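In case you want the letters, here they are:
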Amino acid sequence: MTNIDRPSWTRTVDFTPGLYLKVRRRTTRLELADVAAQIGTIPHVPEHDRVAWLERIEADLVPVSPITIDQLARVFRLDLQVLAALAAIARGERDAALTPRICRICACSWRLPCVRGHEACAWVNGQDLCTACDHPLSGAAA
Ligand SMILES: [Zn+2]
Ligand SMILES: [Zn+2]
């Protein structure tokens, strides 16, 4: 496990599983309450408690279970392999140098690109930034 290829791009955000989920949710323009309303009945808690629970997951205070990941993936788009890699890094089972390339703004990845019309985004050279975020249509500040 010593043959590590250092990435040829600069990582500016240290994504954790929770931060990844949070950015993907925000990119999908969903509030925590929207997600809480859409995920199933596991755990069997009222919706306002589910919001607090999702908040704790996004803050990496509680680990996200496979069942929850499955539910979240039905509400907004997730790259499950990216999430698994981030979880392995968080557990110290994977070198942080092997962090998958993730857009620092929208958290897209090569398996899960932003699609505008029929065009998928690409990487901005050498950066953890995708072309969709580099030239936002709205021009709104992040
Ligand atoms: Zn992006
Ligand atoms: Zn993108």
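Computed from a predicted structure; not experimentally measured. (Residues numbered from 1 in each chain as written. Chains lettered and ligands numbered in written order. Predicted model: local features only at pLDDT ≥ 70, side-chain atom pairs only at ≥ 80, totals over all residues.)

**Some words on helix α3 (residues 47-58)**
With 12 residues, α3 should cover 16 Å at 1.5 Å per step; its first-to-last C-alpha distance of 16 Å lies within 8% of that length. Along α3, the positions that sit buried rather than exposed are Arg50, Leu54, Ile57 and Glu58. Mapping the buried residues of α3 onto a view down its axis gives an arc of 90°, with all of them on the same face. Away from the buried face of α3 by more than 90 degrees, exposed residues His48, Asp49 and Ala52 are located. (Helix = DSSP H or I, 4+ residues; strand = E, 2+ residues; numbered from the N terminus. Expected span 1.5 Å × (residues − 1). Buried ≥ 20, exposed ≤ 12 C-beta atoms within 10 Å, placed from the backbone. Arc of directions from axis to C-beta.)

**Focus: the confidence of the model for the chain**
Mean pLDDT over the chain works out to 89, with 88% of the residues at or above the 70 mark. Considering each helix and strand of the chain separately, the mean pLDDT is smallest for strand β1 (residues 115-116), with a value of 90, and largest for helix α1 (residues 17-27), with 98. (pLDDT = per-residue confidence, 0-100.)

**Some words on the nonpolar core**
With 26 residues, the main nonpolar core has Tyr20, Leu86, Cys103, Cys106, Ala107 and Cys130 as its most contacted residues. Breaking this core down by element, the ones donating at least two residues are α1, α2 (32-38), α3 and α5 (80-90). Among residues more than four places away in sequence, those in contact with alanine 107 are Tyr20, Val23, Arg24, Thr27 and Ile102. (Core = buried A, V, L, I, M, F, W, Y, C linked by C-beta atoms within 7 Å. Contact = placed C-beta atoms within 7 Å.)

**Brief notes about unusual backbone geometry**
For arginine 29, which is not a glycine, the phi torsion comes out positive at approximately 60°. Along the chain, the position of arginine 29 falls in the loop between α1 and α2. Even without being a glycine, aspartate 60 presents a positive backbone phi close to 60°. Tracing the chain through its elements places aspartate 60 in the loop between α3 and α4 (66-75). For aspartate 60, a count of 17 C-beta atoms within 10 Å corresponds to the partly exposed category.

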